[in-house]
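Working through the structure, step by step
For reference, the chains in residue letters:
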Amino acid sequence: MTDIVEKLYRTGDLTNEEFSALIKTDDESAAELLKKYADETRRKYYGKKVFLRGLIEISSYCKNDCLYCGIRRSNKSAERYRLSREDILSCCKNGYELGFRTFVMQGGEDSFFTDEIMADIISEIRRSYPDCAITLSLGERSRESYKLFKEAGADRYLLRHEAASPELYSRLHPAELSLENRKECLFALRELGYQVGAGFMVGAPFQTVDHIICDLRFLQQLQPQMIGIGPFIPHHNTPFAEEKGGTLELTLRLLGILRLMFPRVLLPATTALGTIAPNGRELGLMTGCNVVMPNLSPVMVRKKYDLYDNKICTGEEAAECRGCLQRRIESAGYEIASERGDCVSFHNA
Ligand code: SAH
């Protein structure tokens, strides 16, 4: 099994059979070697740097009904909130003072945030913080909206593809959502010049190893600048309440594989990974991750952005979150880089 890891390290690719064997193996020496090479590779391109992204969760209203997600529209017990323009700007101000140079505005698909309202907020952030990157994660919108947001000053867009297998995609989403449209959004974003992030949940209900390989192949086709993966975690008020969550082992295995397949990619150690294990994010950093996304949302609303059960970091002020992460990053042997943190292979045309 270690020869498969050697091959992945040398060539950045494997056959489907080899990927399948590596994903499934319980050979500890292969897992160790994967981790070692993943760390070597991230250090080759990024040294010890870990980039911070300040996450601002702008709305828990969502018109979609994704079966796994706690803020799906059918969850009648979800508490809904949306931040005002002033709230969002004050999160940025707080974040800037704490050293963040990337702001990520994420939310449910909330029709309150029309193109005009969103573009106005983006241009205001762009004007106030010309040295910061602006990232959006607002789901599927029209090509025109994406274009408008880009012109207003957005640089990056995170839109996980969620599942590249049409069969799995349709089991995780309601009939009105399609993989085809999701992919079209991703290609449109790339074409408009955004730095793009895609990704999927590990251990989602019905997910098989073949589905995961399908995700890896799709990522090879898209070549995103960022890949966000984290374990699926059930939410008690969704149809998947009784399903099993994704494991730490499989998530780390896939992070290592992704680092070797995409040596220069931005790979976050996600909040979901920190939720399933107390040292999950540290282990992620030691297995190829180079990004963390601390929460900048006002503490008042944190618990309401309730995608899955037991989400961590919902009680602390942003400053405490940053301090806690700094300690975690340093304890894992890395250091915070207070910069925009662009992907080293991204050349703005
Ligand atoms: N509305 C935006 C943002 C979605 S939330 C969009 O559509 O892109 C960000 C990510 O959280 C999702 O892409 C999904 O992969 C993840 N997520 C949602 N529910 C989850 C759950 N139960 N467990 C783990 N991750 C989840």
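Everything below is about the structure shown above.
Residues numbered from 1 in each chain as written. Predicted model: local features only at pLDDT ≥ 70, side-chain atom pairs only at ≥ 80, totals over all residues. Heavy atoms only, no water.

Comments concerning the overall build of the protein chain
We count it as follows: Strands are runs of DSSP state E lasting at least two residues, helices are runs of H or I lasting at least four, and both sets are numbered from the N terminus onward. All radius of gyration figures rest on C-alpha atoms, and the globule criterion is 2.2 Å times the number of residues raised to 0.38. Classification of residues uses two cut-offs on accessible area relative to the type maximum, computed with a 1.4 Å probe and protein chains only: under 20% is buried, over 50% is exposed, and between them is partly exposed. Note on areas: Shrake-Rupley with a 1.4 Å probe; residue coverage comes only from the protein chains shown.
Helix and strand counts for the protein chain come out as 14 helices and 9 strands. Against the compact-globule benchmark of 20 Å for 349 residues, the protein chain has a radius of gyration of 19 Å, which places it among compact chains. Over its C-alpha atoms, taken along the principal directions, the protein chain stretches across nearly 55 × 40 × 40 Å. Within the protein chain, buried positions represent 60% of all 349 residues. Total accessible area on the protein chain stands at roughly 14,200 Å², and carbon and sulfur atoms take up 50% of it.

Comments concerning the site of the ligand
As a reminder of what qualifies: Definition of nearness: a residue and a molecule or strand are near each other if at least one heavy atom of the residue lies within 4 Å of the molecule or strand. For this analysis, a polar contact is any N or O atom pair within 3.5 Å, provided that within protein one partner can donate a hydrogen and the other can accept it, and provided that sequence-adjacent residues contribute only side-chain to side-chain pairs. Cavity means a closed set of points on a 1 Å grid over the protein atoms alone, one where a 1.4 Å probe fits but cannot get out, pocket means an open set with protein on both sides within 12 Å along at least 5 of 7 lines, and lining means a residue has an atom within 4 Å of a point. Each molecule is assigned to a cavity or pocket provided more than half of its atoms lie within 2 Å of the corresponding grid points.
Lining the immediate environment of the ligand, one finds 17 residues, of which Y68, G107, R160, E162 and I233 sit closest. A distance of 2.9 Å separates a nitrogen atom of the ligand from a polar backbone atom of G107. R182 has a polar side-chain atom sitting 3.3 Å from an oxygen atom of the ligand. For the ligand, whose free accessible area comes to 560 Å², the fraction covered by protein is 91%. Its atoms largely coinciding with the cavity grid, the ligand occupies the largest cavity.

Observations concerning the pairing of strand β1 (residues 49-52)
Basically, it comes down to this: DSSP calls a pair of strands paired once it identifies at least 2 bridges connecting them.
For β1 and strand β9 (residues 335-337), the ladder comprises 3 bridges, and the chain directions are parallel. Bridged to V50 within β9 is I336. In this structure, β1 lies alongside strand β8 (residues 291-292), joined through 2 bridges in parallel fashion. Residue L52 lies in a different strand from β8, and its bridge partner there is V292.

So, the nonpolar core
Our working rule: For this analysis, a nonpolar core means a set of buried residues of the types Ala, Val, Leu, Ile, Met, Phe, Trp, Tyr and Cys, connected via side-chain atoms within 4.5 Å. Contacts are assigned to residue pairs with any non-hydrogen atoms lying within 4.5 Å of each other.
Ranked by internal contacts, the top residues of the largest apolar core, which has 102 residues, are M105, I125, L136, Y194 and I257. By residue number, the principal contributor to this core is helix α10 (residues 248-261), which donates 8 residues. In this structure M105 touches I56, I58, I88, M118, I121, I122, I125, I134, T135, L136, S137 and L138, once residues within four positions along its chain are discounted. In terms of nonpolar packing, the next biggest core, distinct from the first, is built from 11 residues, Y46, F51, L55 and M226 among them.

So, the packing of helix α4 (residues 85-97) against helix α5 (residues 115-128)
Convention followed: Where helices are involved, their axes are fitted lines through C-alpha atoms of the stretch in contact, as for all axes, and angles between N-to-C directions lie from 0 to 180°. Roughly parallel here means an angle under 35 degrees, roughly antiparallel means over 145, roughly perpendicular means 65 to 115, and every remaining angle is called oblique. Should the near helix be turned anticlockwise from the far one by less than a right angle, the crossing is left-handed, and should it be turned clockwise, the crossing is right-handed. Each residue receives one of three labels: charged for Asp, Glu, Lys and Arg, nonpolar for Ala, Val, Leu, Ile, Met, Phe, Trp, Tyr, Cys and Pro, and polar for the others, Gly being one of them.
Where α4 meets α5, the closest approach of the two axes is 11 Å, and the angle between their N-to-C directions is 30 degrees. Of the possible angle classes, the one that applies to α4 and α5 is roughly parallel. α5 is crossed by α4, and the crossing has right-handed handedness. Residues R85, I88, L89 and C92 of α4 form the contact with α5, whose participating residues are D120, I121, E124 and I125. Residue classes in the contact of α4 with α5 are distributed as 5 nonpolar, no polar and 3 charged.

Description of empty space enclosed by the protein
Under the convention used in this document: Grid points are joined across faces, edges and corners, and a volume is the space filled by probe spheres set on the points.
The tally for this structure, following the rule as stated, stands at 2 cavities of 30 Å³ or more. Computed from the structure, the largest cavity encloses a volume of approximately 1,000 Å³. Lining of the largest cavity is provided by 50 residues; of these, Q106, R160, E162, Y305 and L307 occupy positions nearest its centre. Counting residues per element, the ones that place at least two in the lining of the largest cavity are β2 (54-59), β3 (102-107), β6 (195-202), β7 (226-231), α11 (271-276) and α14 (318-331). The residue makeup of the lining of the largest cavity, split by class, is 28 nonpolar, 13 polar and 9 charged. There is about 70 Å³ of room inside the second largest cavity. Lining the second largest cavity we find R53, V104, T135, R156, Y157, L158, Q195, V196, G197, Q225, M226 and L266.

Quick look at the sheet that holds β8
Reading across from one edge, β8-β1-β9 is the order of the 3 strands in this open sheet, with parallel pairing throughout. On the outer flanks of this sheet lie β8 and β9, each paired with one strand and no other. Running at roughly 125 degrees to β9, α14 makes contact with β1, β8 and β9 of the sheet.

Some details on the side chain of R259
In plain terms, the rule: In this charge count, Lys and Arg are treated as positive and Asp and Glu as negative; neither His nor the chain ends contribute. Salt bridges are identified by distance alone: a Lys or Arg side-chain nitrogen within 4 Å of an Asp or Glu carboxyl oxygen.
Considering the arrangement of structural elements, one finds R259 in helix α10. Buried within the structure, R259 lacks any salt-bridge partner; its nearest side chain of opposite charge belongs to D39, at an N-O separation of 8.1 Å. With residues up to four places along the chain from it excluded, the contact list for R259 reads A38, T41, R42, Y46, R264, V265, L267, G288 and N290.

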